[in-house]
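These are the residues of each chain, in order.
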Amino acid sequence: MLGDVTGTPPTGRSGATLGERAAIALVFGTSAAVLVVELVALRLLAPYLGLTLETSTLVIGIALAAIAAGSWLGGRAADRFAPRLLLAPAIGVSGAAVALTPFVVRLVGVAAPGLLVLVSALSILVPGALLAAVTPIVTKLRLTTLEETGTVVGRLSGISTAGAIVGTVVTGFVLISAVPVSVILVGLGVVLLATAVVLAGWLGGWARGGQALAAGAVVIGGLGSLAVGSGCDVETTYHCAIVVEDPDLASGRTLVLDGLRHSYVDLADPTHLEFSYVKAVASAIDARLPGADPRTTHHLGAGGVTIPRWLAQTRPGTSSTVSEIDQGVVDLDRRALGLETGGDTGIEVRVEDGRLGLRELADDSQDLVVGDAFGGVSVPWHLTTVEALAQIERVLAGDGTYVVNIIDNPPMAFARAELATMQRVFADVALLAPPATLSLLDGGNVVAVASADGPLDIPALQASLDEREVGWTAVGGTELESFIGDSPVLTDDYAPVDQLLTPYGR
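Described below are features of the structure shown in this document. In this text, all values refer to a predicted model and were calculated from it rather than measured experimentally.

1. Focus: the pattern of salt bridges
Inference 1: Taken as a whole and assessed by the stated rule, the structure comprises nine salt bridges.
Inference 2: The partner of E20 in a salt bridge is R155, and the shortest N-O contact between them spans 3.3 Å. Residue E20 is located in helix α1 (residues 20-49), and its partner R155 is located in helix α6 (residues 149-178); the two are separated by 135 residues in the primary sequence.
Inference 3: A salt bridge links R468 to D286, with the shortest nitrogen-to-oxygen separation between them at 2.9 Å.

2. Points about the nonpolar core
Inference 1: If you look at the biggest cluster of nonpolar residues, it comprises 56 residues, and the most contacted ones within it are L26, L87 and V138.
Inference 2: Those elements that provide at least two residues to this core are α1, α2 (53-80), α3 (87-111), α4 (116-132), α5 (134-142), α6, α7 (181-203) and α8 (208-228).
Inference 3: With 13 residues, α1 is the single largest residue contributor to this core.
Inference 4: Discounting residues that sit within four places of it in the chain, L87 has contacts with L18, L26, V134, I137, V138, L141, L199 and L203.
Inference 5: Counting residues in hydrophobic clusters, the runner-up holds 44 residues, among them A373, L383, V497 and L501.

3. Some remarks on the sheet that holds strand β7 (residues 347-351)
Inference 1: The eight strands are arranged β7-β6-β5-β8-β9-β11-β10-β12 in an open sheet whose pairing can be described as mixed. Sheet topology places β7 and β12 (473-475) at the edges, where each strand pairs with a single neighbour. The average angle at which neighbouring strand axes cross in this sheet is 15°, direction not considered.
Inference 2: Taken together, the five bridges between strand β5 (residues 296-300) and strand β6 (residues 319-324) define a ladder with parallel strand orientation.

4. With respect to the pairing of β6
For a regular strand, side chains alternate in direction, first toward one face of the sheet and then toward the other.
Inference 1: Counting buried residues in β6 gives five out of six residues, a clear majority hidden from the surface.
Inference 2: In this region the chain leaves β5, passes through helix α10 (residues 306-314) and returns to the parallel neighbour β6; the handedness of that crossover is right-handed.
Inference 3: In terms of strand pairing, β6 meets β7 through five bridges, oriented parallel. When the sheet's bridge partners are listed, T321 is paired in β7 with E348.
Inference 4: As a crossover connection, the stretch from β6 through helix α11 (residues 327-336) into β7 is right-handed.

The rules behind each value
Residues numbered from 1 in each chain as written. Predicted model: local features only at pLDDT ≥ 70, side-chain atom pairs only at ≥ 80, totals over all residues. Heavy atoms only, no water. Salt bridge = Lys/Arg side-chain N within 4 Å of Asp/Glu carboxyl O. Helix = DSSP H or I, 4+ residues; strand = E, 2+ residues; numbered from the N terminus. Core = buried A, V, L, I, M, F, W, Y, C linked by side-chain atoms within 4.5 Å. Buried < 20%, exposed > 50% of the residue type's maximum accessible area, 1.4 Å probe, protein only. Contact = heavy atoms within 4.5 Å. Pairing = 2+ DSSP bridges. Axes fitted to C-alpha atoms, helices over the stretch in contact; angles between N-to-C directions. Right-handed = clockwise from strand over helix to strand, strands pointing away.

Given below as structure tokens:
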């Protein structure tokens, strides 16, 4: 039996019906809102949990759980209570929860990081479930006869899916790149609350006290987001980006992305290399490309464009192209880190995916390729595989060199797998790393070096490291084989980078 099916449309306080257009708008809009919350949550959590496959899986899983729970419980509630009285409270409370999310998550991320996963889960689960409950409630309101059950359910289900698609596309392609995360969520909260207030006046079901509490929560969310702030100089499409001045050097700047130091730039002296791994990269380049002759180089990942600037100073006339997927990072480099491109710099920055950028390079055209692309502490998996490395090997000249920065921690499973993969593609491979890392006692940055043609000179690499006083060790041959062990080779079909990687603090 279909419960309260009477043969006449449900009416509100004024006798108005929940017409088809209103039903479509509610189902479409609330379904879109669920996906907005899901995608924005990924951006909101990245500074604290990293933008990894595990984080994405967690957020998607919680969002799906919210949709399932909301659909089930919303349907049961619509059968037990007058459905018209449920709509306004469900949408209004979800609006309050959404508006509070950026304030609460950022506050907990700083003050109580141990609770962040739980709070983040609730910040998706609560509004997601309430919004997902709208579709079965509206469906119950629109059902007037048993004969039209399939038509009504199918139509509203399709509209719900269409709303989710639009929410996904608009958020991914427009909102996140154009509007700060806190503005998206607080703004969505305001829209949901306003919708609920209109529905309450039309259909009833939500006391003025409840409306006032939800409005107060939205105000707190907005003011709290302003007070706590994002902690970012810029919220780019992919990162929360900050530029930090060096207290010991007036011209020193550190680029911090999602809480991790990515690059150091000396605005007055591009030859000043601060981080040990950058010195190791420069040491490898000096050993493989000695002298001051101009070179043709390509770089995967911009960061602060430190190495291309160094090459421009130490090898005048060098041509350096840089593939960087995040336009916001490039803009920040120009605005706050003094990046100049074109002209005498020889530096060209292309906003593009690194692997796609490799396709545009001619065979045997590069003396050097430098890999320093990261999402959090993870190298994007599609840059780690045999197929990706084959593209790098293709563009390198006969004596060309590939130098890549890798971050891992004991047992260094990802780093060892990447080295095994490089051995599959290149003529010879070496590893530059701190002694404690080679002994699997510590982790952090390591630098892998590969030759497109012929063996690497390990003593020359070590001498270059020693000259810069990096304190690292260069290994190759049987010593490197022992470090790699039986690690798997990564391919486009099998590259579990996030699972192999041991991040900081695990």
